[in-house]
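Structural overview
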Amino acid sequence: MTELLLLVVLLALGPVLLAEGLLARYELMVYTVGWRAPAPRLPEDEPYARGADPARPPAAYLVYLDGIGKRRFSDTRDGGQLVQAVIAGAPELRVLGQVQPYSPLADPLVGRPVWDWLRRHIGITLFLHNVMQIFVAADRRYRPLYNRAVGAQIADQLRLAGYEPGGGIPVVLLSYSGGAQVATGAVDGIFTELRAPIWVITLGGFHNGANDLTHAVHLHRLTSSNDWIEGVSTWLFPERWRLFRRSAWNRAHEAGKVTVHSLDPAAHIGPLGYISPTARLADGRSYLDRTTALVIEIVRRDCEAYAARNPAH
């Protein structure tokens, strides 16, 4: 009976996965050949950045790249809680959460007639779409194109939020789950367009380890031994195996560019997840409080150290 049920599920999801794979590649091809250009402008009710006063330079620009639940300009429920907590705890930062990590065309899924229908009738397809986009972004055939598309999208949003190219203000890419694949891939494009010092923070980062981190000042990996989803990426992608010492990920490790921070005993998602406001540590803090405090501590410490090394900025 169990085998029959599994067969039924596979037969039902098979065509959906095939369609999602084709659609994910189609959007990237549309971007690449120039049939449609990304629209950098946001709806009138969406701010280009939140947090620090736009009238003066912030301590840093923080770009949040959400997990696979991202389907509109606003953040997912969990991601939104993290962004709001960072803004409240570090008002000196200018925070951008509107980037669409799973759309080379910077086009949210919500608002597209077909996807709105699917959301009402077959909600899982929205998540499958974004999952397939992660694998397109990780595929060596499409990775350079995807990285260029999302890197340009982030650079555009930073400019619209007030970033002055070459000004030396730090840019922090805070990514959750599959957003790590996009964050690591966007580093080169952002650096090329803005000449910005860039830090990457991955929270339960699901990525293939193939993206070049040469232009990243540092990468902070926030993880947990109970995070089986990130764990899958560490054995699924050979570039993250220690055996492949010349992979981009292992070269970054050898260069001292990767620092690992344990958030045990948190899980990837759910009531015990990294961003849970209800799960509690022994000291009474929620998991969300601890994650937020660590992110803010990293950003402040690294930005202050960078400013001390580069007083001209």
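Described in the following lines is the structure provided in the data block.

Cut-off values and rules
- Residues numbered from 1 in each chain as written.
- Predicted model: local features only at pLDDT ≥ 70, side-chain atom pairs only at ≥ 80, totals over all residues.
- Heavy atoms only, no water.
- Axes fitted to C-alpha atoms, helices over the stretch in contact; angles between N-to-C directions.
- Helix = DSSP H or I, 4+ residues; strand = E, 2+ residues; numbered from the N terminus.
- Parallel < 35°, antiparallel > 145°, perpendicular 65-115°, else oblique.
- Left-handed = near helix turned anticlockwise from the far one by under 90°.
- Contact = heavy atoms within 4.5 Å.
- Buried < 20%, exposed > 50% of the residue type's maximum accessible area, 1.4 Å probe, protein only.
- Polar contact = N/O pair within 3.5 Å; in protein donor to acceptor, adjacent residues only side chain to side chain.
- Phe/Tyr/Trp six-rings, centres within 6.5 Å; stacked < 30°, edge-to-face > 60°.
- Lys, Arg positive; Asp, Glu negative; His and termini not counted.
- Salt bridge = Lys/Arg side-chain N within 4 Å of Asp/Glu carboxyl O.

Observations concerning the packing of helix α5 (residues 143-160) against helix α6 (residues 179-194)
With their axes 7 Å apart at the nearest point, α5 and α6 run at an angle of 60 degrees to one another. The orientation of α5 relative to α6 falls into the category oblique. In the crossing of α5 with α6, the sense of the turn from one axis to the other is right-handed. For the pair α5 and α6, the contacting residues are R143, Y146, N147, V150, G151, A152, I154, A155, L158 and R159 in the first and Q181, V182, G185, A186, I190, E193 and L194 in the second.

Overview of the side chain of H220
Topologically, H220 is positioned in strand β6 (residues 216-223). Residue classification places H220 among the buried positions, given a relative accessible area of 3%. Engagement of the side chain of H220 in a polar contact is seen with the side chain of D302, the distance being 2.7 Å. Setting aside its immediate chain neighbours within four residues, H220 contacts V200, I201, T202, T259, H261, I298, R301 and D302.

Side note on the packing of aromatic side chains
Applying the stated criterion across every chain yields a total of six aromatic pairs. Ring geometry for F135 against F237: centres 6.3 Å apart, planes inclined by 40 degrees, an arrangement best described as tilted. Taken together, the residues F135 in helix α4 (residues 124-138) and F237 in the loop between α7 (228-236) and α8 (248-254) connect sequence positions 102 residues apart. Looking at F135, the relative accessible area reads 34%, which means it is partly exposed. For the pair F206 and F237, a centre-to-centre distance of 5.9 Å together with 80 degrees between the ring planes defines the contact as edge-to-face. In this pair, F206 is assigned in the loop between β5 (198-203) and β6 and F237 in the loop between α7 and α8, connecting sequence segments 31 residues apart. The class for F237 is buried, based on a relative accessible area of 10%. Site record: aromatic cluster; members linked through ring pairs are F135, F206 and F237.

So, the side chain of K257
By the element assignment, K257 lies in the loop between α8 and β7 (258-262). Among buried Asp, Glu, Lys and Arg side chains, K257 stands out as unpaired, with D212 the closest opposite charge at 7.0 Å. Reaching out from K257, the side chain makes a polar contact with the backbone oxygen of T214 at a distance of 2.6 Å. Reaching out from K257, the side chain makes a polar contact with the backbone oxygen of A216 at a distance of 2.8 Å. Beyond its immediate sequence surroundings of up to four residues, K257 is in contact with L213, T214, H215, A216, V217, H218, L219 and A252.

The analysis is restricted to geometry; functional conclusions fall outside its scope.
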